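# Close look at the chain arrangement
Residue strings, one per chain:
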Amino acid sequence: MRTPFIRNHQLNLIKKQVGQLQQACTTVSDPKVIESVRSNAPFKVMEAFPGATEAEQKLLGSFASLNTPKEFQSYLQSLEDDMLPFEKVEEKQLKKLFPKVKKLKVPDLAAMDLRYVTYLGWTDIAANKMFLVYRLNDRLVGVEGRFTPVQKKSVCFLCNRHEEVALFSAVTKSRPANASPDYYKAIGNYMCVNSETCNKNITNVTMLERFISDIVL
């Protein structure tokens, strides 16, 4: 039995590339175009798995030879056992990450399928707060910020998709050596109002890790 190695955002990338190949197979009549997609799609997937073993590489690239919607669907379903879930966390762990929040409202952790979670995200509408939890540099970290809905769709900086967004701004813990006692700096970005939607869309964690690093490090 293989050790799970595919994280949620990587699966989303695989789905995207598989979808592009499936679309080419069903809508494109030029064989050269289809073959170009067959070679490019697996290459883009492999880029997301620089440390993949030979067996993992074989699995990841095997969709290149598929042709029918049923074959593509079966392939994606076959990856479920290879999913590496977000780590299980308890409510008390989340409260330790946000010690200054006296009445922290946490999401329903038991209802989540952690295989499809890249980051934990939830909002406290009453307090206009958003919370993010992610493992960065082998440490579970939490980011708390102000949540300001903008009542329109725009591009989320995390998943790069056009969704309902809010301005999420958080105060960074880093400060210049000669900063005054009342110094603070907030960093803000537009991100999905619905974290579940964002987790379904996100294909790369570079922006997520950069944002969290700027806040907590």
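In case you missed it, the structure is sitting above this.
On a predicted model such as this, the values are computed, not experimentally measured, just so you know. (Residues numbered from 1 in each chain as written. Predicted model: local features only at pLDDT ≥ 70, side-chain atom pairs only at ≥ 80, totals over all residues. Heavy atoms only, no water.)

We now examine the overall build of the protein. In terms of regular secondary structure, the protein is built from seven helices and five strands. Beginning at the N terminus, the succession of helices and strands in the protein can be written as α-α-α-α-α-β-β-β-β-β-α-α. For the protein, the spread of C-alpha atoms along the three principal axes comes to 65 × 40 × 35 Å. For the protein, the residues scored as buried account for 38% of the 217 residues in total. (Helix = DSSP H or I, 4+ residues; strand = E, 2+ residues; numbered from the N terminus. Buried < 20%, exposed > 50% of the residue type's maximum accessible area, 1.4 Å probe, protein only.)

With that settled, the discussion passes to the nonpolar core. Of all hydrophobic cores here, the largest spans 27 residues; its most connected members are Tyr119, Leu132, Val143, Cys156, Leu158, Met191 and Ile212. Secondary-structure elements contributing two or more residues to this core are β2 (129–136), β3 (139–155), β4 (162–171), β5 (186–192) and α7 (206–216). Examining the composition of this core, we find that five residues originate from one element, α7, more than from any other. Once residues lying within four places of it in the same chain are set aside, the contact partners of Tyr119 are Phe86, Leu132, Val133, Tyr134, Leu158, Met191, Ser195, Cys198, Asn199 and Leu208. Core analysis: the second largest hydrophobic core is formed by 18 residues, Val18, Ala52, Tyr75 and Met83 among them. (Core = buried A, V, L, I, M, F, W, Y, C linked by side-chain atoms within 4.5 Å. Contact = heavy atoms within 4.5 Å.)

Within the secondary structure layout, Asn201 lies in helix α6 (residues 195–201). Within the structure, the side chain of Asn201 is placed 3.3 Å from the side chain of Arg161, a separation counted as a polar contact. Aside from chain neighbours lying at most four places away, what touches Asn201 is Asn12, Cys159, Arg161 and Glu163. (Polar contact = N/O pair within 3.5 Å; in protein donor to acceptor, adjacent residues only side chain to side chain.)

What follows concerns helix α3 (residues 54–61). Among all positions of α3, only Glu56, Leu59 and Leu60 are buried. Taken down its axis, α3 places every buried residue within 95° of arc, on the same side. Every exposed residue of α3 that faces more than 90 degrees away from the buried side is listed here: Glu54 and Lys58. Lining the buried residues of α3 we find α1 (8–27), α2 (31–47) and α4 (69–78). (Arc of directions from axis to C-beta.)

Next up on the list: the sheet that holds β3. Backbone-to-backbone hydrogen bonds pair the strands of a sheet. The strands run either parallel or antiparallel. Spatial ordering of the open sheet is given by β1-β2-β3-β4-β5, a layout of five strands whose pairing is antiparallel. In the strand order of this sheet, the two ends are held by β1 (120–124) and β5, each with one partner. In this sheet, neighbouring strand axes are inclined to one another by 30° on average, regardless of whether the strands run parallel or antiparallel. One ladder, built from eight bridges, connects β2 with β3; its direction is antiparallel. Bridge pairing in β3 places Leu132 opposite Val143. (Pairing = 2+ DSSP bridges. Axes fitted to C-alpha atoms, helices over the stretch in contact; angles between N-to-C directions.)

This part takes up the packing of α1 against α2. Axis separation between α1 and α2 bottoms out at 9 Å; the angle between their running directions is 175°. Taken together, the axes of α1 and α2 lie roughly antiparallel to each other. On the side of α1, the interface is formed by Leu13, Ile14, Gln17, Gln20, Leu21, Ala24 and Cys25, while α2 contributes Ile34, Val37, Arg38, Ala41, Lys44 and Val45. Broken down by class, the residue content of the contact of α1 with α2 amounts to nine nonpolar, two polar and two charged. (Parallel < 35°, antiparallel > 145°, perpendicular 65-115°, else oblique. Nonpolar A, V, L, I, M, F, W, Y, C, P; charged D, E, K, R; others polar.)

End to end, α2 covers 25 Å across 17 residues, agreeing with the expected 24 Å (1.5 Å per residue, within 8%). Among the residues of α2, Ile34, Arg38, Ala41, Pro42 and Val45 are the ones counted as buried. Down the axis of α2, the buried side of the element spans an arc of 85°, and every buried residue falls inside it. Residues of α2 that are exposed and angled more than 90 degrees away from the buried face: Lys32, Phe43 and Glu47. Tucked inside the fold, the buried residues of α2 contact α1 and α3. Between the side-chain oxygen at the start of α2 and the backbone nitrogen of Lys32 there is a gap of 2.9 Å, and the oxygen is on Asp30. (Expected span 1.5 Å × (residues − 1).)

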